[in-house]
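# Architecture and fold: a report
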Amino acid sequence: MKSLVINAEVDSPYYPEVYFNADTGICDIAGESYMEEAYKFYLPLINWIKEFVLNEKKPLTINFKLIYFNTSSSRLILDILDILKKFKDDGHKIIVNWYYDPDDPDVKDEVEDFEIESGMDIELQEMDK
Amino acid sequence: MFNNIPYNKNIISYHGPVNIDLISFMAKYIRDMIEANQVIVNRMHKVLVELTQNVSYYSAQVRNCSGNPNLQKGVGWFSIDEEEEAFVISTGNLIKKEHAPVLEKNCKEINRLDEQELRQLKRKTRSQSNIRDIGAHIGLIHTGLISGNPLQVEFNVIDEDHSFFKISVEINK
């Protein structure tokens, strides 16, 4: 299975950088996320995750390193977490880390809300500045 | 000379079509140019993006961008002002008159709820939303949560089909 790589573009800072490593199962989403039609960006990520977990049968770790995401993106992030929770309940090894900026304390509440809605445990880590 | 100017200044205002690149430019402007602590700057950034994206997607007045009729963007107005105790982010756009009552009701509800109730409402609204179009309501709920202040809204009838919707949000310094 191929890794999924989406490089950041200076002209489109509202798309995050994505690196989903098919060898290690470590998946990073970093930067900002407030693009139009967020579902078009996130659906390929969701499909990759599903394919990886079901076919590769390796542990998956997803690291969210978003310094900003809008409410449209949050809806798709929740979809990712819902799917991960289902896989975890089915016995797959899934870890979710959320790296937050200490200058953005509001995001801790958002992550807590994601945990409540999805039932998925999310480990909060402070971002290095 | 500048000490005599009242502490109520307009930082930036814009009226016209609102697309993602303009929003991105303004988001960067806030990060680079607003003199305030980072927590405040982050809150302003979040509120500005949510409110301007609502204008872009839901304004009843649209304009074709790049001469492409499939690339219509909402037309509206936004402003960032600085007062003594707060920064104020405002947007305004035309809406269909029949949408005004629901929008007003939603804003009144947001203003009535406390933080925990707002978070619960946001979770409920998000889980019921369509992934293709999450809707403006959740953006307003999120804005209310981030600012911690009531949303100040105005509806002014323009003609038999339209009203002008203005919203102002204070971010405390």
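Residues numbered from 1 in each chain as written. Chains lettered and ligands numbered in written order. Predicted model: local features only at pLDDT ≥ 70, side-chain atom pairs only at ≥ 80, totals over all residues.

### A few points about helix 1 (residues 38-56) of chain A
All names here are of chain A.
- End to end, helix 1 covers 27 Å across 19 residues, agreeing with the expected 27 Å (1.5 Å per residue, within 8%).
- Those residues of helix 1 not exposed but buried are Ala38, Tyr42, Leu45, Ile49, Phe52 and Val53. For helix 1, the angular spread of the buried residues around the axis is 90°, confining them to a single face. Facing away from the buried side of helix 1 by over 90 degrees, the exposed positions are Lys40, Asn47, Leu54 and Asn55. (Helix = DSSP H or I, 4+ residues; strand = E, 2+ residues; numbered from the N terminus. Expected span 1.5 Å × (residues − 1). Buried ≥ 20, exposed ≤ 12 C-beta atoms within 10 Å, placed from the backbone. Arc of directions from axis to C-beta.)

### Things to note about the sheet that holds strand 1 (residues 4-6) of chain A
All names here are of chain A.
- The strand order 1-2-3-4-5-6 describes an open sheet built from six strands, whose pairing is mixed. In the strand order of this sheet, the two ends are held by strand 1 and strand 6 (123-126), each with one partner. Each neighbouring strand pair of the sheet contributes to a mean axis angle of 15°, computed without reference to strand direction.
- Here strand 1 pairs with strand 2 (residues 17-20) via three bridges, running antiparallel. Paired with leucine 4 across the strands is phenylalanine 20, a residue of strand 2.
- Across the sheet, helix 1 is in contact with strand 1, strand 2 and strand 4 (60-69); its angle to strand 4 comes to roughly 165°. (Pairing = 2+ DSSP bridges. Axes fitted to C-alpha atoms, helices over the stretch in contact; angles between N-to-C directions. Contact = placed C-beta atoms within 7 Å.)

### Remarks on helix 5 (residues 136-147) of chain B
All names here are of chain B.
- Taking 1.5 Å per residue as the helical rise, helix 5 with its twelve residues ought to reach 16 Å, and the 17 Å between its terminal C-alpha atoms agrees with that figure.
- Residues Ala136, His137, Ile138, Gly139, Leu140, Ile141, His142, Thr143, Gly144, Leu145, Ile146 and Ser147 constitute the buried set of helix 5.
- Positive backbone phi, approximately 75°, marks glycine 148, located one or two places after helix 5.

### Remarks on the packing of helix 1 (residues 20-33) of chain B against helix 2 (residues 38-58) of chain B
Residue and element names in this part refer to chain B.
- Across the interface, helix 1 lies against helix 2 with an axial gap of 9 Å and an inter-helix angle of 165°. The orientation of helix 1 with respect to helix 2, classified from their angle, is roughly antiparallel. Here helix 1 runs over helix 2; the crossing is right-handed. Where helix 1 approaches helix 2, its residues Ile23, Met26, Ala27, Ile30 and Arg31 are matched on the opposing element by Val41, Met44, His45, Leu48, Val49, Thr52, Gln53 and Ser56. (Parallel < 35°, antiparallel > 145°, perpendicular 65-115°, else oblique. Left-handed = near helix turned anticlockwise from the far one by under 90°.)

### Here's the deal with the interface of chain B and chain A
- Across the boundary between the two partners, chain B contributes 23 residues, which contact 23 residues of chain A.
- The leading source of residues in the side of chain B that touches chain A is helix 2 of chain B, at eight residues.
- Looking at the side of chain B that touches chain A, its residues break down into seven nonpolar, nine polar and seven charged. (Nonpolar A, V, L, I, M, F, W, Y, C, P; charged D, E, K, R; others polar.)

### Topic: unusual backbone geometry
All names here are of chain A.
- Residue glutamate 37 is not a glycine yet carries a positive backbone phi of 50°.
- Here glutamate 37 is to be found in the loop between strand 3 (26-33) and helix 1.
- What makes glutamate 37 exposed here is the crowd of 11 C-beta atoms within 10 Å.
- In this structure, lysine 57 is a non-glycine residue whose phi angle is positive, near 55°.
- Positionally, lysine 57 belongs in the loop between helix 1 and strand 4.
- Of the residues examined, lysine 57 has 10 C-beta atoms within 10 Å and is grouped as exposed.

### Focus on the pairing of strand 6 of chain A
Residue and element names in this part refer to chain A.
- Bridge analysis of strand 5 (residues 94-100) against strand 6 gives four bridges, and the strand direction is parallel. Looking at the pairing, asparagine 97 lines up with glutamate 123 of strand 6.
- Taken together, strand 5, helix 3 (residues 106-118) and strand 6 constitute a β-α-β crossover, and its handedness is right-handed. (Right-handed = clockwise from strand over helix to strand, strands pointing away.)

### Observations concerning the pairing of strand 3 of chain A
All names here are of chain A.
- For strand 2 and strand 3, the ladder comprises four bridges, and the chain directions are antiparallel. Within the sheet, the bridge partner assigned to tyrosine 19 lies in strand 3 and is aspartate 28.
- Between strand 2 and strand 3, which pair antiparallel and follow one another directly, the connecting turn spans five residues, one of which, glycine 25, has a positive phi of 75°.
- A crossover connection joins strand 3 to the parallel strand 4 through helix 1; in handedness this β-α-β unit is right-handed.

### Focus: the packing of helix 1 of chain A against helix 2 (residues 71-89) of chain A
Residues and elements named next belong to chain A.
- Running from amino to carboxyl end, helix 1 crosses helix 2 at an angle of 10°, the nearest separation of the two axes being 10 Å. Relative to helix 2, the element helix 1 is oriented roughly parallel. From helix 1, Ala38, Tyr39, Tyr42, Leu45, Ile46, Ile49, Lys50 and Val53 reach across to helix 2, where they touch Ser72, Ser73, Leu76, Asp79, Ile80, Ile83 and Phe87.
- Its residues assigned to classes, the contact of helix 1 with helix 2 comprises eleven nonpolar, two polar and two charged.

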